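Residue-level structure breakdown
Listed below are the residues making up each chain.
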Amino acid sequence: MNDLTRQEHLADPDDIGNNNSGNPTFDSVLQARLSRRNVLRGGVASAMGAMFGSLGLSACGGTTAVATQQAGNVKSETLLGFTAVAKSLADSVVIPTGYTATVLYALGDPLTGATPAYRNDGTDTSFENRAGDHADGMEYFGLSAAGVRDDNSSDRALLAMNHEAITQQFLHANGATANPRPIGEADKEIAAHGVSIVEVKKANGAFATVQSSAFNRRITPLTPIEISGVARGNALMKTIHSPAGTATRGTINNCGTGRTPWGTLLTGEENWAGYFARGAADDLARANDKSVTSLKRYGRNQGAAGRHGWETAANTEPYLRFNISKLGASLDGTDDYRNELNGFGYIVEIDPYDKTALIKKRTAMGRFAHESAAFGLLGAGKPVALYMGDDSQGEYIYKYVSTANWDAADASAANRIAVGDKYLDSGKLYVAKFNADGSGEWIELNIANAAIAAYPTYIFADQADVVVNARIAADAVGATKMDRPEWCGVHPVTGEIYYTLTNNLNRRLEPVAGQYGLDAANPRAYTDPRTATLSNPSTSNSGNVNGHIIRVAETAGNHAATTFRWDIYLFGAQSDADPARVNLSSLTGDQDFSSPDGLVFSSATGLCWIQTDDAYYGDTTNCMMLAAIPGAIGDGSTKTISYTKLDNSVVNVSTPVGKAATASTLKRFLVGPVDCEITGLAETPDGKTMFVNIQHPGETISKANVTDPTKYLSHWPASAGYGAGGATGRPRSATIVITKNDGGRIGS
Ligand code: FEO
Ligand code: CA
Ligand code: CA
Ligand code: CA
């Protein structure tokens, strides 16, 4: 894949399903279901009214003007008071009138005083000391003037951000060399992945990075990392690098993030499997043992090449570890990397304030294509809950509930990773099952569950095996196959959990092998016509093309509950799409979107920010970010979508749907440059500065076109005056800073 174009990107690992398990897709839900309008009235909704006031939100979804006391002045603020941004195909960042966006930190920017400025011509090296590529999830960690943790600081901080992937061609002067990969090219590409910790500080009223900060650092796919939790030391984790099964190197394809209450970063490993190669006869080499079942379920069939061919660079370390074939004679895997893949696919905890603190993979939270990790509302003396999604077609929604009960004193503990050990290494992992009547169940993935213990497809050895092969355990208990669970966020007032389901081109009314039938929680399949573009040459797409956002309310507001209610908050759609089958949330041109991905609730304003990673509405608009004021589960009604099968019989799918969006509850705030994705969002505690990542502008590029700037789809941010290259520069992933010109909060 040394000539990766956007067309191939459409077949990225997270666009492909590996879930061929036989658990039901709930054809039974195709029956009409009872209206659930009356199910959730009362308690939560009425309590919300009072609580929304403090956040300046309206429980009934109307725009609310609130007066806030600021430095002696009474200032009126109307959330969603800005004028919506129109859809755009321009190669620039478009934001509302009255706001300013500037570039802060981009691919290649130096993180030490000794690192030269980025030339942006493919000749730069030393990415261990530069910003990585494809900036993604991001969190803000405040610093005091004295340079210590200060959660209330709005003018100095560490930004911790993921570098999910690379636009490989632009990292090299003449594009990437085919396999076998030159070591120099592989080294650059490996180091351009991982995580950045970069200090940012306000000077003269504007944020800038601090190039010489002692906090700055990169975590790469080669950084030492501990295996922590139930799978630490397990037989599945043993490699030639760590015969004890307690350590691995690095983190890769980091997508969403989370911020712990004790001040550490959680980063999710998403499409990690594709970086590792397997020999053509590896199934037989493994005697077709159960590791083959596991590898296939996680998307690594024998004969698969590494995504960037790093395993071909040399027959030495660190390239050897990217070949996970069984090559040695040992019985336990301590003489090769046959178990290397079991060291990836976790939520990883990093202390951004302390370079000496161990970095840990929290295995108890399960192994899958992790996106974000969102905390349930904290309650003293109650377990800590985290919500997570597995982004691949037909994969599942998970939650983790800690064994330890929350002690508020831990929020300010000096040893932050020790606090992580307490809450994140011991707990219960659950997977979600969505019932057609609007109820749902969290099913614990425990070796004691007979459905798991006696699962014929895969014989689990112990609880470590269950968390490492969480997808298989979830298959065993009949979890609901979702339309690619991306980020999730927890409403700061209601505690309801919002999950983006980005899209699923294999959702069908009448599925064939490898496709997924309709159910109440994934109720749409349709054909969306489009104009072919360079980055997506198709003239139509089918399935759940535009994605949706589902939300969950735990029973009695208890994040440790094993039952919940759910509805679909919003359906992505073109505003001109069929209102009876596609545009079910009545989106207008000021708010229509496709492929929701990032989702973050502001801790300052309470606004729900929705970001898109879309290839299907791209003939009409670049990817975008919207601001929303959601209501609560039960504020809408049941909708029934009527389908006609090939034999002309009619099938009705009913689903609980949130209240339709209005101009005062959902508004487009930003549109990015060409061929980008909008992802990652962090804010200052005062809500007046927002950081957003513009990922992979102009990533559709072939090797042949790298040296011809007229063929680039984007020149941003060079074209906006940032860094080297000017109007014909190579595009770069970058972090932007957004402020409001009147000094107000973002989203007002
Ligand atoms: Fe990295 Fe599923 O987005
Ligand atoms: Ca279309
Ligand atoms: Ca994503
Ligand atoms: Ca995505």
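Everything below is about the structure printed above this text.
Residues numbered from 1 in each chain as written. Chains lettered and ligands numbered in written order. Predicted model: local features only at pLDDT ≥ 70, side-chain atom pairs only at ≥ 80, totals over all residues. Heavy atoms only, no water.

**Structural notes on the coordination of the calcium ion (ligand 3)**
Bound to the calcium ion (ligand 3) are the protein donor atoms Glu-486 (OE), Asp-597 (OD) and Asp-597 (OD), situated 2.4 to 2.7 Å from the metal. Here the calcium ion (ligand 3) and the calcium ion (ligand 4) are spaced 3.6 Å apart, with Glu-486 acting as a shared donor. Of this pair, Glu-486 sits in strand 20 (residues 485-490) while Asp-597 sits in strand 28 (residues 596-601); the two residues are 111 residues apart in sequence, bridging distant segments of the chain. With respect to class, Glu-486 is no different from Asp-597; both count as buried. (Donors = N, O, S within 2.8 Å, 3.2 Å for Na, K, Ca; no water. Helix = DSSP H or I, 4+ residues; strand = E, 2+ residues; numbered from the N terminus. Buried < 20%, exposed > 50% of the residue type's maximum accessible area, 1.4 Å probe, protein only.)

**A few points about the nonpolar core**
Leu-386, Met-388, Tyr-398, Val-431 and Leu-445 are the most contacted members of the largest nonpolar core, which has 61 residues in total. Only helix 3 (183-191), strand 15 (370-375), strand 16 (383-390), strand 17 (397-405), helix 6 (416-424), strand 18 (427-434), helix 8 (463-468) and helix 9 (470-476) provide two or more residues apiece to this core. In terms of residue count, helix 9 provides more of this core than any other element does, five residues in total. In terms of nonpolar packing, the next biggest core, distinct from the first, is built from 46 residues, Tyr-99, Ile-610, Trp-716 and Ala-734 among them. (Core = buried A, V, L, I, M, F, W, Y, C linked by side-chain atoms within 4.5 Å.)

**Considerations on the sheet that holds strand 11 (residues 254-259)**
Two modes of strand pairing occur in sheets, parallel and antiparallel, and in both the strands are linked by backbone hydrogen bonds. The six strands are arranged 10-9-14-13-12-11 in an open sheet whose pairing can be described as mixed. Two strands lie at the open edges of the sheet, namely strand 10 (247-249) and strand 11, each paired on one side alone. Along the sheet, successive strands turn relative to each other by an average axial angle of 35°, direction set aside. Strand direction decides the pairing type here: strand 9 (residues 224-228) and strand 10, joined by three bridges, are antiparallel. Bridge pairing links Glu-226 to Ala-247 in strand 10. Most of the contacts of helix 6 go to strand 14 (residues 360-362), to which it runs at about 20°, and overall it touches strand 9, strand 12 (265-269), strand 13 (347-350) and strand 14. (Pairing = 2+ DSSP bridges. Axes fitted to C-alpha atoms, helices over the stretch in contact; angles between N-to-C directions. Contact = heavy atoms within 4.5 Å.)

**A short note on unusual backbone geometry**
Of note, the bond from Asn-179 into Pro-180 is cis; its omega dihedral lies within 30 degrees of zero at -5°. Mapped onto the elements, Pro-180 comes out in the loop between strand 5 (156-163) and helix 3. The omega torsion across Trp-716 and Pro-717 is 5°, close enough to zero to call that bond cis. The phi angle at Asn-120 is positive, at roughly 60°, despite the residue not being glycine. When you line up the elements, Asn-120 lands in the loop between strand 3 (99-106) and strand 4 (135-142). Positive phi is not limited to glycine here, since Asn-204 has a value of about 55°.

**Focus on the packing of aromatic side chains**
Counted according to the given criterion, the structure contains 26 aromatic pairs. With 5.5 Å between their ring centres and 35° between their planes, Tyr-275 and Trp-310 make a pair best called tilted. Taken together, the residues span a long stretch of sequence, with Tyr-275 in the loop between strand 12 and helix 4 (282-285) and Trp-310 in the loop between helix 5 (290-297) and strand 13 at a distance of 35 residues. Given the relative accessible area of 1%, Trp-310 is considered buried. Through a chain of ring-to-ring contacts, three or more aromatic side chains come together here, namely Tyr-275, Phe-276, Trp-310, Phe-322 and Phe-344. Its end group placed over the ring of Phe-322, Arg-321 keeps NZ or CZ at 5.1 Å from the ring centre. Above the face of the Phe-82 ring, Lys-667 is positioned so that its terminal group lies 5.5 Å from the ring centre. (Phe/Tyr/Trp six-rings, centres within 6.5 Å; stacked < 30°, edge-to-face > 60°. Lys NZ or Arg CZ within 6 Å of the ring centre and 35° of its normal.)

**Side note on the coordination of the calcium ion (ligand 2)**
Ideal values differ by geometry: the angle at a metal is 109.5 degrees with four tetrahedral donors, but 90 or 180 degrees with six octahedral donors. Only Asp-528 (OD), Asp-528 (OD), Pro-529 (O) and Gln-574 (OE1) from the protein reach the calcium ion (ligand 2) as donors, at distances of 2.0 to 2.8 Å. Counting the intervening residues between successive donors of the calcium ion (ligand 2) yields the motif D-P-x44-Q. The exposure class of Asp-528 is buried, given its relative accessible area of 7%. For Pro-529, a relative accessible area of 59% gives the class exposed.

**A closer look at helix 3**
Among the residues of helix 3, Glu-185, Ala-186, Lys-188, Glu-189, Ile-190 and Ala-191 are the ones counted as buried. Buried residues belonging to helix 3 abut strand 8 (217-219).

**Thoughts on the pairing of strand 18**
Summarising the sheet, strand 17 and strand 18 pair through five bridges and their orientation is antiparallel. Within the sheet, the bridge partner assigned to Lys-399 lies in strand 18 and is Tyr-430. In the sheet, strand 18 pairs with strand 19 (residues 439-444) via five bridges, with the strands oriented antiparallel. Each residue of the ladder has a partner; that of Lys-433, found in strand 19, is Glu-441.

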